[in-house]
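Here's the letter readout for the chains.
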Amino acid sequence: MATIELRNIDRIFQGGVKAVDNLSITIESGHFVSLLGPSGCGKTTSLRMIAGLDNPDGGEILLDGKLLYSKKSGVAVPTEKRGMGLVFQSYALWPHMTIAQNISFGLEMKGIEKKERIRRVAEVMELMHISDLEKRYPSQISGGQQQRVALARNLAVSPDVLLLDEPLSNLDAKLRLEMRAELKRLHETLKNTIIYVTHDQLEAMTMSTMIAVMSGGTLKQFAPPMEIYRKPTNLTVASFVGSPPMNFLRKTSQGGGSPWDLGILACYPALANKAEAIGVRPEDIRLAFPGSTDRPVPGREGGLVSWIRKAKVATVLPTGSEWVVDMVVEGFHFFASLRDEPCCLDDGEVDMVVDREAFHFFDGKETRCN
């Protein structure tokens, strides 16, 4: 078991900057949890406090119900006694040691006898598909292989928790893809608890069982990946998760005549007095030839199948795997993400179609209200 609890954790840097603000989260044993957010949101600071490399200014950290840190109680378990493996952006391999010696180093520090060290090193090298690198030195292997060695070195000592701080950011796109698959396979095989820090939402979405989205030192949402994507609980999460990002319409003080007044709320009377922002993901937008679709029936709850508006195509951005279309609707820009090449753009005008259930509504406190 390796359940980690953070209770009301604060971390204040010099000058009064609050890096982590009242963070409370429970990471259940066996989960792969990503701390996701932009630079400066507090994710690495949180990881360092879990590892014992940095101490909170308030709150408690527990592992399976036992205190690892509590300023109030005077408890501060040192890093080496927390039973955690740490892998950082820098692999920090010993250049004068062979790959096998690098992996064996932690076992030697623990006083494990030689026969068991050899067995354990062979076991994790096979697990990480690096058995053929045993006698090489770090300078003789690739970046992806070095990352596997760094992981194997930590796995050799059988940590209860594996802490990973943006370990793939130095790799090229192909190696990152391979290592994402490797890490997911590793977690499914070993069933250990993994906490992974990243600003890359694709990494978080593809590998995690749970994602903690952070911003400004606070936890914004903690949920499974597809719930984060489909039901963001606030504007911060909705605007950060998704590529291209979600389109938003925001209420203005002028009221009618603004882009806000596009007839969406007329079909959602229950939300008319609550919603201050409306979002729709680019991939939830379809394009059709003008006039080829039935028009919506505004004002009748339950009567709307799709919301349709005439749009002027501003530009098309092909990426290879998709087509990103920038459109203007009554002076407001919408981005659509299409898997198939758009076939109705010759004259620059299209019908923009959004299914009823695809809209996301947020109130004045930026909280989801549908």
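Residues numbered from 1 in each chain as written. Predicted model: local features only at pLDDT ≥ 70, side-chain atom pairs only at ≥ 80, totals over all residues. Heavy atoms only, no water.

Peer 1: Where do I start with the packing of helix 4 (residues 143-155) against helix 5 (residues 173-190) in this structure?
Peer 2: To characterise two packed helices, one gives the angle between the axes of the helices and the distance between these axes. Two numbers describe how helix 4 lies on helix 5: the axes approach to 10 Å, and their chain directions differ by 20°. It follows from the interaxial angle that helix 4 and helix 5 lie roughly parallel. As helix 4 runs across helix 5, the sense of the crossing is right-handed. Where helix 4 approaches helix 5, its residues Gly144, Gln147, Arg148, Leu151 and Leu155 are matched on the opposing element by Leu175, Met179, Glu182, Leu183, Leu186 and Leu190. Split by residue class, the contact of helix 4 with helix 5 holds 7 nonpolar, 2 polar and 2 charged. (Axes fitted to C-alpha atoms, helices over the stretch in contact; angles between N-to-C directions. Helix = DSSP H or I, 4+ residues; strand = E, 2+ residues; numbered from the N terminus. Parallel < 35°, antiparallel > 145°, perpendicular 65-115°, else oblique. Left-handed = near helix turned anticlockwise from the far one by under 90°. Contact = heavy atoms within 4.5 Å. Nonpolar A, V, L, I, M, F, W, Y, C, P; charged D, E, K, R; others polar.)

Peer 1: Please clarify how helix 1 (residues 43-51) should be interpreted in this entry.
Peer 2: Two residues of an α-helix separated by three or four positions point the same way, owing to the 3.6 residues in each turn. In terms of residue burial, helix 1 counts as a mostly covered element, since 7 of its 9 residues are buried. Among the residues of helix 1, those classed as buried are Lys43, Thr45, Ser46, Leu47, Met49, Ile50 and Ala51. Trailing helix 1 by a residue or two, Gly52 shows a phi angle of about 90°, which is positive. (Buried < 20%, exposed > 50% of the residue type's maximum accessible area, 1.4 Å probe, protein only.)

Peer 1: Even after reading the chapter, I still don't get the sheet that holds strand 13 (residues 277-280), so can you show me in this structure?
Peer 2: Strands belonging to one sheet form pairs held by backbone hydrogen bonds; the direction of such a pair is parallel or antiparallel. The 3 strands are arranged 12-13-19 in an open sheet whose pairing can be described as antiparallel. Pairing within the sheet leaves two strands with one partner each, and these edge strands are strand 12 (247-250) and strand 19 (360-362). Neighbour-to-neighbour, the strand axes of this sheet turn through a mean angle of 20°, independent of strand direction. With 3 bridges joining them, strand 13 and strand 19 adopt antiparallel strand pairing. Pairing of Ala277 across the sheet is with Phe362, part of strand 19. (Pairing = 2+ DSSP bridges.)

Peer 1: Explanation requested: the confidence of the model for the protein in the structure shown.
Peer 2: One rule of thumb: low pLDDT means the predicted coordinates there are not for detailed reading. The predicted model of the protein averages 88 in pLDDT, with 92% of residues at 70 or higher. The model gives residues 297-303 a pLDDT under 50, and that stretch makes 12 contacts with residues more than four places away or in other chains. (pLDDT = per-residue confidence, 0-100.)

Peer 1: Where do I start with the layout of surface pockets in this structure?
Peer 2: Once rolled over the atoms, a probe with the size of a water molecule shows which space is left empty. Taken as a whole, the largest pocket encloses approximately 640 Å³ of empty space. Where the lining of the largest pocket is concerned, the elements lending two or more residues are strand 7 (84-87), helix 2 (99-109) and helix 4. With 4 residues, strand 7 is the largest single contributor of residues to the lining of the largest pocket. Taken together, the residues that form the lining of the largest pocket break down as 12 nonpolar, 7 polar and 4 charged. Along the walls of the second largest pocket sit 18 residues, with Gln201, Leu202, Gly242, Ser243 and Arg339 positioned nearest its centre. When contributions to the lining of the second largest pocket are tallied by element, the ones reaching two or more residues are helix 6 (201-207) and strand 17 (332-338). Among the elements that make up the lining of the second largest pocket, the one with the highest residue count is helix 6 (4 residues). (1 Å grid on protein atoms, 1.4 Å probe; cavity = no way out; pocket = protein on both sides within 12 Å on 5 of 7 lines; lining within 4 Å. Points joined across faces, edges and corners; volume = space filled by probe spheres on them.)

Peer 1: Please explain empty space enclosed by the protein as it appears in this structure.
Peer 2: If you walk through the whole model with that rule in mind, you get 1 cavity of 30 Å³ or more. Here the largest cavity defines a volume of roughly 40 Å³. Surrounding the largest cavity, Leu6, Leu23, Ile25, Ile27, Leu35, Ser46, Ile50, Ile195 and Met214 form its lining. Broken down by secondary-structure element, the contributors of at least two residues to the lining of the largest cavity are strand 2 (17-27) and helix 1.

Peer 1: Which parts of the structure should I look at to understand the pattern of salt bridges?
Peer 2: Inspection of every chain in the model, using the stated rule, returns 12 salt bridges. Here Lys18 makes a salt bridge to Asp21, at a shortest N to O gap of 3.3 Å. Residue classification places Lys18 among the partly exposed residues on the basis of a relative accessible area of 39%. We classify Asp21 as partly exposed; its relative accessible area is 29%. Where Arg286 meets Asp355, a salt bridge forms, and the shortest distance between an N and an O atom there is 2.8 Å. With a gap of 69 residues between them, Arg286 in strand 14 (residues 285-288) and Asp355 in strand 18 (residues 349-355) connect regions that are remote in the sequence. For Arg286, a relative accessible area of 39% corresponds to the partly exposed category. Three or more residues are tied together by salt bridges with common partners; here these are Glu116, Arg119, Arg120 and Glu123. (Salt bridge = Lys/Arg side-chain N within 4 Å of Asp/Glu carboxyl O.)

Peer 1: Explanation requested: the pairing of strand 9 (residues 193-198) in the structure shown.
Peer 2: Regular strands place their side chains on alternate faces of the sheet. With respect to burial, strand 9 is a largely interior element, 6 of its 6 residues being buried. Burial along strand 9 is two-sided: Thr193, Ile195 and Val197 facing one way and Ile194, Tyr196 and Thr198 facing the other are all buried. Looking at chain direction, strand 8 (residues 161-165) and strand 9 are connected through 5 bridges and run parallel. Each bridged residue has a counterpart across the sheet, and for Leu162 the counterpart in strand 9 is Ile194.

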